[in-house]
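Spelled out from the first residue to the last, the chains are:
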Amino acid sequence: NQPEGRRSDADHLVAGLDEAQGRAVTIEATPLAILAGAGSGKTRVLTRRIAWRAPTGTEDPRRTLALTFTRKAAGELRSRLRRLGLRDQVAAGTFHSVAYAQLRIFWRDRDLPEPKLVERKIPVVMELIPRDSRATDTLDVVSEIEWAKARRIRPEAYTGAAESLKRTPPLPLPVVARIYREYEELKADRGMVDFDDLLDQCARVVRGDRAFGDAQRWRFRHLYVDEFQDVNPLQFALLAAWLGGSSDLCVVGDPNQAIYGWNG
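Asks: Requested: an account of the packing of helix α10 (residues 195-208) against helix α12 (residues 233-243), with residues and values cited.
Replies: Axis separation between α10 and α12 bottoms out at 9 Å; the angle between their running directions is 25°. Taken together, the axes of α10 and α12 lie roughly parallel to each other. Taken as a pair, α10 and α12 cross one another with a handedness that is left-handed. Contact with α10, carried on its side by Asp196, Leu199, Asp200, Cys202, Ala203, Val206 and Arg207, involves Leu234, Gln235, Ala237, Leu238, Ala241 and Trp242 of α12 and no other residues of that element. In terms of residue class, the contact of α10 with α12 is made up of nine nonpolar, one polar and three charged.

Asks: Can you lay out the pairing of strand β1 (residues 32-35) for me, pointing to particular residues and giving the numbers?
Replies: Only one face of β1 is covered, namely the face carrying Leu32 and Ile34; the face carrying Ala33 and Leu35 is uncovered. With four bridges connecting them, β1 and strand β7 (residues 249-253) associate as parallel partners. Its bridge partner being in β7, Ile34 is matched across the sheet by Val252.

Asks: Break down the packing of aromatic side chains for me, with residues and values.
Replies: Considering all chains together, one arrives at four aromatic pairs under this definition. Judged by centre distance (5.9 Å) and plane angle (50°), the rings of Phe69 and Phe95 are tilted. Here the residue Phe69 occupies a position in the loop between β2 (64-68) and α4 (71-83), and Phe95 occupies one in helix α5 (residues 95-109), the gap between them amounting to 26 residues. Overall, Phe69 belongs to the partly exposed group, its relative accessible area being 27%. Of the residues examined, Phe95 reaches a relative accessible area of 1% and is grouped as buried. Ring geometry for Phe95 against Trp242: centres 6.1 Å apart, planes inclined by 20°, an arrangement best described as stacked. Here Trp242 lies in helix α12 and Phe95 lies in helix α5, a separation of 147 residues in the sequence. Taking the relative accessible area as the measure of exposure, Trp242 reaches 5% and is therefore buried. In textbook terms, an aromatic cluster arises when at least three aromatic residues are bridged by ring pairs, as seen for Phe69, Phe95 and Trp242. The positively charged end of Arg63 is found above the aromatic ring belonging to Trp218, 4.0 Å away from the centroid. Over the aromatic face of Tyr100 sits the side chain of Arg104, whose NZ or CZ is 5.0 Å from the ring centroid.

Asks: Summarise α12; cite the residues concerned and give the values.
Replies: Judged by how many residues are buried, α12 sits mostly within the fold: eight of eleven residues are covered. When α12 is considered as a whole, its buried residues turn out to be Leu234, Gln235, Ala237, Leu238, Leu239, Ala241, Trp242 and Leu243. Its side-chain oxygen at 3.0 Å from the backbone nitrogen of Leu234, Asn232 defines the N-terminal cap of α12. Positioned one or two residues after α12, Gly244 has a phi angle of 55°, which is positive.

The rules behind each value
- Residues numbered from 1 in each chain as written.
- Predicted model: local features only at pLDDT ≥ 70, side-chain atom pairs only at ≥ 80, totals over all residues.
- Heavy atoms only, no water.
- Axes fitted to C-alpha atoms, helices over the stretch in contact; angles between N-to-C directions.
- Helix = DSSP H or I, 4+ residues; strand = E, 2+ residues; numbered from the N terminus.
- Parallel < 35°, antiparallel > 145°, perpendicular 65-115°, else oblique.
- Left-handed = near helix turned anticlockwise from the far one by under 90°.
- Contact = heavy atoms within 4.5 Å.
- Nonpolar A, V, L, I, M, F, W, Y, C, P; charged D, E, K, R; others polar.
- Buried < 20%, exposed > 50% of the residue type's maximum accessible area, 1.4 Å probe, protein only.
- Pairing = 2+ DSSP bridges.
- Phe/Tyr/Trp six-rings, centres within 6.5 Å; stacked < 30°, edge-to-face > 60°.
- Lys NZ or Arg CZ within 6 Å of the ring centre and 35° of its normal.
- Polar contact = N/O pair within 3.5 Å; in protein donor to acceptor, adjacent residues only side chain to side chain.

Dropping the structure here:
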């Protein structure tokens, strides 16, 4: 029950929406899952919901984080929110970019050396593949490592998990497991992290360092996720760490548009 003046300030945000879209924008429930098929205006609903909840006093846009899967999508969200009057108050980014930004704060505040980011796994993994298999198998092995990390499967558990799920990489499963283990060891020896490590490490420090975790949850209290059907277990673990038990979450997606099942 918000003051009438604040409600009227936000009324224009539901203009032109159909009944289902308008309800998705204005409903008070959290957590909230909005099922939105192709062409149903999901980004429009997501941005208008964020904009609606600001003048109605439901949430502080400066404490809002909208998560997407590409930098282009994040830029589009920010652009739409600016057009709706929120300017640069709402943070929007990918899981990886937000995790990386938070980790850099953590490393700096604790005087820890910042690891080097592995932007391309192929040259690193190629060092570990049998020479006669490098030409054709490196990309497939990298994909297998990414599949395992997305599902939070450690190298020592890879063979059993891959067998049970009938994975068919180009090299025998024990060989892939060995390469995966050596890849993790090599990164540790060289002070390197890959993009999957950013998600895992951020989830660990947000959960494990109480002061840091509380600071991040204070910074981002209201969470939104676009294309939620494509969230993998590793990303979901980070999302849960960010929430820390809070229910202040809104997700938008369509199970029928899920295209990343191969990635967990």
